[in-house]
Amino acid sequence: MVENLTHKSYSLNLKTKIIGKKIIHFNKIPSTNLYAKKLIDENIDNGTIVIADVQTKGRGRKNRSWISPHGGLWFSVILYPDISPKRGMVITMAASISVTQAIRDIAGLKTEIKWPNDVLLKNKKVCGILTEFNAELNKIKYAIVGIGINVNNKIDGELEDIAISLKQEIGSEVSREKLFGLILENFDNNYYKLKNNDFEHIKKIWLTYSNIIGKKVRIIEEKNMIEGIVKDIYDDGSLIIKTNSGINNVLNGDMTIV
Ligand code: BTN
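In this text, all values refer to a predicted model and were calculated from it rather than measured experimentally.

Draft legend 1. Structural view of the sheet that holds strand β4 (residues 73-79). Judged by pairing direction, the sheet is mixed, and its 8 strands sit side by side in the order β1-β2-β3-β4-β8-β7-β6-β5 without closing on themselves. Edge positions in the open sheet fall to β1 (7-10) and β5 (112-114), since each of these has one partner strand only. Geometrically, the sheet is characterised by an average inter-axis angle of 20 degrees between neighbouring strands, direction not taken into account. Where strand β6 (residues 118-121) meets strand β7 (residues 124-135), 3 bridges bridge the pair, whose relative direction is antiparallel. Within the sheet, the bridge partner assigned to leucine 120 lies in β7 and is lysine 125. Strands in contact with helix α4 (residues 176-195) are β2 (23-29), β3 (49-55), β4 and β8 (140-149); relative to β4, the strand with the most contacts, it is inclined by about 25 degrees.

As structure tokens, this is what we get:
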């Protein structure tokens, strides 16, 4: 269905080793994550980016849709990480700290990370990340890291209560190109650390941006609900939570601080 869409390929002069050497740009596409999957089937290079100005069927976590009009940054990073599936979530953590670092540097805004991978500004969502994996028993074959950032786009209707754009906060446009370039450079650097098993590096930065240790949280995953105090984050990205019945590890779910 997406085969006939027009696109152009280019490379930016980025200071990266892997990520962003090839960039495939669409004016309009159903979903960059979906197109990335098609490219993986054609053996596209590690680190290739699919980016679109508009997505007509943007996808969010848990099969939710992701509204992606003009003015936002909607892109997917294709990776062949060759690491244990247990480390999958750390890739998303590396992406979320890369986005947070870049927004702080380019827009001067103090964004925060909400576990597992939302980037918030004044408690509203400015960025969401959807990582889709394919894994064998011992290694992740590929990861598609889909990143959606509300940069200059308008947030409409019922989303106003839960989402915010950078432009809304600053009052003027933010350069999507500069932000995009810096995110890719940060991600390349953080991904390199991850590949070298330097989880501590990712964790340390993630914790400074997330401010979650010691907080009382409620996490809902499917039909299960868990409530307790966050003690730490484990090296697979799961939260270590002290509940009334003991210590629990939680890898997934929707979290609220209570
Ligand atoms: C979330 O639910 O928070 C994750 C949202 C991820 C949206 C991005 S936009 C680029 C990429 N393509 C998609 O279809 N989704 C991701």
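That covers the picture; the talk isn't over yet.
Draft legend 2. View of unusual backbone geometry. Cis peptide bonds are those with omega within 30 degrees of zero, and the linkage from tryptophan 115 to proline 116 qualifies with 5 degrees. With respect to the secondary-structure elements, proline 116 resides in the loop between β5 and β6. Despite not being glycine, lysine 122 has its phi angle at roughly 50 degrees, a positive value. Along the chain, the position of lysine 122 falls in the loop between β6 and β7.

Draft legend 3. Spatial organisation of the site of the ligand. Looking at the ligand, there are 19 residues lining it, with Ser31, Gln55, Arg59, Arg61 and Lys125 nearest. The side chain of serine 31 places a nitrogen or oxygen atom 2.8 Å from an oxygen atom of the ligand. Measuring from an oxygen atom of the ligand, one finds a backbone N or O atom of arginine 61 at 2.7 Å. Against a free-state accessible area of 420 Å², the protein chains account for coverage of 98% of the ligand. Contributing elements (two or more residues each) for the shell around the ligand: α1 (32-41), β4, β7 and β8. Ranked by the residues each element gives to the shell around the ligand, the list is headed by β7, at 4 residues. A breakdown of the residues in the shell around the ligand according to their chemical character gives 5 nonpolar, 10 polar and 4 charged.

Draft legend 4. View of the pattern of salt bridges. Applying the stated rule across the entire model yields 18 salt bridges. Linking aspartate 53 and arginine 176 is a salt bridge whose minimum nitrogen-to-oxygen distance equals 3.5 Å. A residue pair is termed long-range when its members are at least 10 positions apart, and aspartate 53 in strand β3 and arginine 176 in helix α4 qualify at 123 residues. By the burial criterion, aspartate 53 is buried, and arginine 176 matches it. A salt bridge links glutamate 227 to arginine 218; the shortest N-O distance between them is 2.7 Å. Accessibility expressed as a relative area gives 29% for arginine 218, which makes it partly exposed. Sharing partners across several salt bridges, the network here consists of Arg61, Lys62, Arg64, Glu221 and Asp254.

Draft legend 5. Layout of helix α2 (residues 88-107). The first and last C-alpha atoms of α2 sit 29 Å apart over 20 residues, in line with the 28 Å expected at 1.5 Å per residue. Of all 20 residues making up α2, 17 are buried, and the element is well covered by its neighbours. Positive phi appears at glycine 108, one or two residues downstream of α2, with a value of about 65 degrees.

Draft legend 6. Quick peek at the domain arrangement of the protein chain. The domain architecture assigned to the protein chain consists of domain 1 (2-210) and domain 2 (216-257). Averaged C-alpha coordinates put domain 1 and domain 2 at centres separated by 25 Å. Between domain 1 and domain 2, the residue contacts involve 15 residues of the former and 16 residues of the latter. The contact between domain 1 and domain 2 buries some 1200 Å² in all, and 56% of this surface belongs to carbon and sulfur atoms. The tally of links from domain 1 across to domain 2 stands at 6 salt bridges. Ionic pairing is found between aspartate 232 and lysine 203, a salt bridge with its closest N-O pair at 3.2 Å. Taken together, the links from domain 1 to domain 2 amount to 7 residue pairs in polar contact (both at pLDDT 80 or more). Counting residues per element, the ones that place at least two in the side of domain 1 that touches domain 2 are α2 and α5 (199-210). The residue makeup of the side of domain 1 that touches domain 2, split by class, is 8 nonpolar, no polar and 7 charged.

What counts, and at which threshold
Residues numbered from 1 in each chain as written. Predicted model: local features only at pLDDT ≥ 70, side-chain atom pairs only at ≥ 80, totals over all residues. Heavy atoms only, no water. Pairing = 2+ DSSP bridges. Helix = DSSP H or I, 4+ residues; strand = E, 2+ residues; numbered from the N terminus. Axes fitted to C-alpha atoms, helices over the stretch in contact; angles between N-to-C directions. Contact = heavy atoms within 4.5 Å. Near = heavy atom within 4 Å. Polar contact = N/O pair within 3.5 Å; in protein donor to acceptor, adjacent residues only side chain to side chain. Areas by Shrake-Rupley, 256 points an atom, 1.4 Å probe, with all protein chains shown as cover. Nonpolar A, V, L, I, M, F, W, Y, C, P; charged D, E, K, R; others polar. Salt bridge = Lys/Arg side-chain N within 4 Å of Asp/Glu carboxyl O. Buried < 20%, exposed > 50% of the residue type's maximum accessible area, 1.4 Å probe, protein only. Expected span 1.5 Å × (residues − 1). Domains from an automatic or database assignment. Buried area = accessible area lost by both parts, 1.4 Å probe.

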